[in-house]
Amino acid sequence: MKKRLNIFCVLMLLLMATMVVMTFVTGADAFQEGWEKGREADPANTWAHLLEFFAEMFAIVAALVSFLSFIRFILNVNRNKVFVWENVNLLRLTACGLMILAVVAAGDELYTGCGLVEVYDHFFDAFIFGVFNLIISEVFAIGLKLQEEQDLTI
């Protein structure tokens, strides 16, 4: 059973890494275009570009935190620490990071003039994956609460 769980966790990690890498790869051209526009921009519009830059950096940090939290979750599973409160917190952190990434990046894309369909295509899957992680973390939390209640029962 642990072997199957490890395989699924590695598969999920690969899919998550692919999603993050593809987000950066598809955003590289937009970053370069924005960099060129930023050099040619007038100083009155610089604050908007600076705010946009910090929002994008915040999304990158959220993605990295989410990715590292999921790696720590997989390591806990490999150490036979499956149903522990630390995993609940790690899954919640993974979910929050992915949802923040999706919302901030989608807002940035909408701000720069992308259509709603393009934003949906690029970021909705990350948001759904975040919500799924929240659901799984709550299932873990309910299971841990039931286990604690059972341990207290004579």
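Structure: see above.
Here we summarise the structure given alongside this text. Model, not experiment: these values are computed from the prediction.

### Describing the overall build of the protein
Each helix and strand in the protein was counted, giving four helices and zero strands. Listing every helix and strand of the protein by position from the N terminus yields α-α-α-α. Its C-alpha atoms give the protein a radius of gyration of 19 Å, clearly above 15 Å, the size a compact globule of 154 residues would have. A total of 154 residues make up the protein; the buried ones form 27% of that total. Taking contacts inside the protein between residues at least 6 apart in sequence as the whole, the part at least 24 apart equals 82%. A total of about 10400 Å² of accessible surface is found on the protein, and carbon and sulfur atoms cover 71% of it. Taking the average location of the 10 positive side-chain charges in the protein and that of its 17 negative ones, the two points are 17 Å from each other.

### A closer look at helix H3 (residues 85–111)
With 27 residues, H3 ought to run about 39 Å at 1.5 Å a step, and its terminal C-alpha atoms sit 39 Å apart, in line with that. Remark: glycine 113 follows H3 within two positions and exhibits a positive phi of approximately 105°.

### A closer look at the nonpolar core
The biggest cluster of nonpolar side chains holds 24 residues, and the ones touching the most others in it are Phe73, Leu98 and Phe123. Mapped onto this core, the elements with two or more residues apiece are helix H1 (2–40), helix H2 (46–78), H3 and helix H4 (116–152). The leading source of residues in this core is H3, at eight residues. Contact partners of leucine 98, with chain neighbours within four places excluded, come to Met16, Met19, Ser66, Ala126, Phe129, Gly130 and Asn133.

### Here we look at the packing of H2 against H3
Closest axis-to-axis distance for the H2/H3 pair is 8 Å, and the angle between their directions is 155°. Of the possible angle classes, the one that applies to H2 and H3 is roughly antiparallel. Relative to H3, H2 is oriented so that their crossing is left-handed. A per-class count over the contact of H2 with H3 returns 17 nonpolar, six polar and five charged.

### Notes on the packing of H3 against H4
Two elements in contact, H3 and H4, have axes separated by 8 Å at closest approach and are oriented at 165°. On the basis of the axis angle, H3 is roughly antiparallel to H4. In the packing of H3 onto H4, the handedness of the crossing is left-handed. Taken together, the residues of the contact of H3 with H4 break down into 23 nonpolar, five polar and five charged.

### As for the environment of serine 137
For serine 137, the location among the structural elements is in helix H4. The spacing of serine 137 and phenylalanine 58 is 79 residues in sequence and 24 Å in space, taken between C-alpha atoms. If we skip the residues at most four places from it in the chain, serine 137 touches Val88, Leu91 and Arg92.

Scoring rules and cut-offs
- Residues numbered from 1 in each chain as written.
- Predicted model: local features only at pLDDT ≥ 70, side-chain atom pairs only at ≥ 80, totals over all residues.
- Heavy atoms only, no water.
- Helix = DSSP H or I, 4+ residues; strand = E, 2+ residues; numbered from the N terminus.
- Rg over C-alpha atoms; globule rule 2.2 N^0.38 Å.
- Buried < 20%, exposed > 50% of the residue type's maximum accessible area, 1.4 Å probe, protein only.
- Contact = heavy atoms within 4.5 Å.
- Areas by Shrake-Rupley, 256 points an atom, 1.4 Å probe, with all protein chains shown as cover.
- Lys, Arg positive; Asp, Glu negative; His and termini not counted.
- Charge placed at Lys NZ, Arg CZ, Asp CG, Glu CD.
- Expected span 1.5 Å × (residues − 1).
- Core = buried A, V, L, I, M, F, W, Y, C linked by side-chain atoms within 4.5 Å.
- Axes fitted to C-alpha atoms, helices over the stretch in contact; angles between N-to-C directions.
- Parallel < 35°, antiparallel > 145°, perpendicular 65-115°, else oblique.
- Left-handed = near helix turned anticlockwise from the far one by under 90°.
- Nonpolar A, V, L, I, M, F, W, Y, C, P; charged D, E, K, R; others polar.

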